[in-house]
Amino acid sequence: MGAGYQYGFEPFSIEPFSKLTFINTKSYLKWLSAININPIPSSVSLSTNINRTFNSQQFREVFLEGVDASQQLALPKLQQRNYMFDWVFTLNHNLTKSLRFDFTASSKNIVRNYYDEQSGTTKVNQQLDIWDGIWDVGDPNQFSQRLGLTYNLPFRLLPLVNFIDGTYSYSGDFNWQRGSESLSEVEDEFGNVLGVVNTIQNANTHNLNSTFNFQKIYRALKLEKKKKSRNDNAIQRQLTNSLIGLATALKRLQFTYAENNGTVLPGYTQNVGFLGTSNPGLSFALGSQSDIRYEAAKRGWLTQFPSFNGQFTQVHNTEFSYSAEVSLLEGLQLDINGNRRMSENLGENFIVNDKGATARDIETLIKHIQNTVKDRFGIDLDTEVRIIGEYDES
């Protein structure tokens, strides 16, 4: 069962300088007449979906001859329930004719309203059927949001650089994943219980595309081959056309730069905030890659389970590519392409210090692990963390 709502708004663009005559007649002020703003979103939509499956199975009782039926164990009723509630919210807004903003948030919730709350146990109340608590939205199991900005760079409005077309786009992603309920009961040898530990991650992407159309420059500079006429000097015309052809061989040049960054933080104990912004913070939800580990640890957002082995990871990828169109001779065109990629990855594990361990103790533990792995497997482990400061050796 699902429902959806969508509404599209009429464009309402405010252009304060578009009707000023002295601006419209000046090519170098064209950018000023193009200034505009649209305060009303383009569209907004919200959809929800209730997905419930309920199976109940009762086997027929089997009575043995000569055995008192009251002494036999009754076969239990088997029930299986899977209640889900999902929602998706989308907002699109053309802030200006060149700047577009898109936002999407979605949540997948699990509904567990069939447990017997009065007894305080996880026993299922088998008297409840699939329609009971139909409007219960449950608890988030996975939350995701994404925002995007796309901007058409205004080179075309500037006379000296109107041969350039450029587009910049940014996207920020955030994801919150609830930890496993079955693993929450894991206990170590000292009696420490893991509990429910969630995972949060974010990412951002930057994309810059630019195209240089040199033919516009050549036309503006009147670098065009001369056509054959009656009174011209054929040799001079051919020589001039050859020089012009050489000077205007580069027809088009395109550059593309893409950058992707991401962070994964496991062991997170907090629930998701409003649209992912209150926890763990607005900047992280928008894709910021500033180090969140120390802030999360200081505020007590990370698990205190000593044997937790989830790995904090960060990735950084960049790619730069170019293509050029060169025409040296009539009918001969060269396409030149190139690209460069770089990738960096960082991974670190937690060290839970709840017994007053010193910096020396931690470094001793690191060296012990390095020596153990070296002795057993012949592998040298390098630390990816920086050890800052000094401590007394005495």
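Refer to the structure printed above.
Residues numbered from 1 in each chain as written. Predicted model: local features only at pLDDT ≥ 70, side-chain atom pairs only at ≥ 80, totals over all residues. Heavy atoms only, no water.

Asker: Honestly, the overall build of the protein chain in this entry has me stumped. Any pointers?
Answerer: Looking only at helices and strands, the protein chain features seven helices and 10 strands. Taken against the 2.2 N^0.38 rule, which gives 21 Å for 394 residues, the C-alpha radius of gyration of the protein chain at 33 Å runs more than 25% over that of a compact globule. Each principal axis of the C-alpha atoms in the protein chain carries an extent, and together these give about 125 × 70 × 50 Å. In the protein chain, buried positions account for 25% of the 394 residues. For the protein chain, contacts bridging at least 24 residues in sequence account for 72% of all contacts bridging at least 6. Accessible area for the protein chain stands at about 26,800 Å²; split by element, carbon and sulfur atoms hold 55% of it. (Helix = DSSP H or I, 4+ residues; strand = E, 2+ residues; numbered from the N terminus. Rg over C-alpha atoms; globule rule 2.2 N^0.38 Å. Buried < 20%, exposed > 50% of the residue type's maximum accessible area, 1.4 Å probe, protein only. Contact = heavy atoms within 4.5 Å. Areas by Shrake-Rupley, 256 points an atom, 1.4 Å probe, with all protein chains shown as cover.)

Asker: Explanation requested: the sheet that holds strand β5 (residues 139-153) in the structure shown.
Answerer: Neighbouring strands of a sheet are bound in pairs by backbone hydrogen bonds; such pairs are parallel or else antiparallel. Strand order in this open sheet of 10 strands is β1-β2-β3-β4-β5-β6-β7-β8-β9-β10, and the pairing throughout is antiparallel. Strands at the two margins of the open sheet, each flanked by one partner only, are β1 (2-8) and β10 (332-349). Sheet twist, expressed as the mean angle between neighbouring strand axes with direction ignored, is 5°. (Pairing = 2+ DSSP bridges. Axes fitted to C-alpha atoms, helices over the stretch in contact; angles between N-to-C directions.)

Asker: Please clarify how a negative patch on the surface should be interpreted in this entry.
Answerer: Together, D136, D139, E181 and E185 give the surface a local cluster of negative charge. Checked against the element boundaries, E185 lands in the loop between β6 (164-177) and β7 (198-213). Residue E185 is classed as exposed on the basis of its relative accessible area of 62%. (Patch = residues over 30% accessible without salt bridge, like charges linked within 9 Å, V, L, I, M, F, W, Y side chains within 5 Å. Salt bridge = Lys/Arg side-chain N within 4 Å of Asp/Glu carboxyl O. Lys, Arg positive; Asp, Glu negative; His and termini not counted. Charge placed at Lys NZ, Arg CZ, Asp CG, Glu CD.)

Asker: Help me understand the packing of aromatic side chains, please; the structure alone is not making it clear to me.
Answerer: Two measures describe an aromatic ring pair: the distance that separates the ring centres and the angle between the ring planes. A full pass over the atoms with the stated rule returns 13 aromatic pairs. Note on F255 and F320: the rings are 5.8 Å apart at their centroids and 25° apart in plane angle, and the pair reads as stacked. On the criterion of sequence distance, the pair formed by F255 in strand β8 (residues 250-268) and F320 in strand β9 (residues 311-329) is long-range, its members being 65 residues apart. What makes F320 partly exposed here is its relative accessible area of 34%. (Phe/Tyr/Trp six-rings, centres within 6.5 Å; stacked < 30°, edge-to-face > 60°.)

Asker: Sorry if this is basic, but what is going on with the nonpolar core here?
Answerer: In a soluble, globular protein the nonpolar side chains are often hidden away together inside. Among the nonpolar cores identified, the biggest contains 18 residues, and F143, F174, W176, I200 and L265 are the most heavily contacted of them. Those elements that provide at least two residues to this core are β4 (99-111), β5, β6, β8 and α5 (282-285). At three residues, β6 tops the list of elements feeding residues into this core. Counting seven residues, the second-largest nonpolar core is a separate cluster that includes F214, Y218, L253 and A324. (Core = buried A, V, L, I, M, F, W, Y, C linked by side-chain atoms within 4.5 Å.)

Asker: Teacher, can you tell me more about a nonpolar patch on the surface here?
Answerer: A cluster of nonpolar side chains, namely L208, L246, Y257, F320, Y322, L328, L329, L332, L334 and I336, defines an oily patch on the protein surface of about 880 Å² accessible area. When contributions to the nonpolar patch are tallied by element, the ones reaching two or more residues are β9 and β10. Looking at the nonpolar patch element by element, the count peaks at four residues for β9.

Asker: Teacher, can you tell me more about the environment of Y114 here?
Answerer: Considering the arrangement of structural elements, one finds Y114 in the loop between β4 and β5. In the structure, Y114 is positioned 13 residues away from Q127 in sequence and 8.9 Å away in space, judged by C-alpha atoms. Excluding anything up to four places from it in sequence, Y114 contacts R81, Y83, K123, V124, N125 and L128.

Asker: Would you mind going over the pairing of β7 with me for this structure?
Answerer: Remember that side chains alternate between the two faces of the sheet whenever the strand is regular. Note that β6 and β7 share 14 bridges and pair antiparallel. Following the sheet pairing, S171 is matched in β7 by T205. Two elements, β7 and β8, share 15 bridges in a ladder whose sense is antiparallel. Considered in β8, the bridge of N213 is made with R252.

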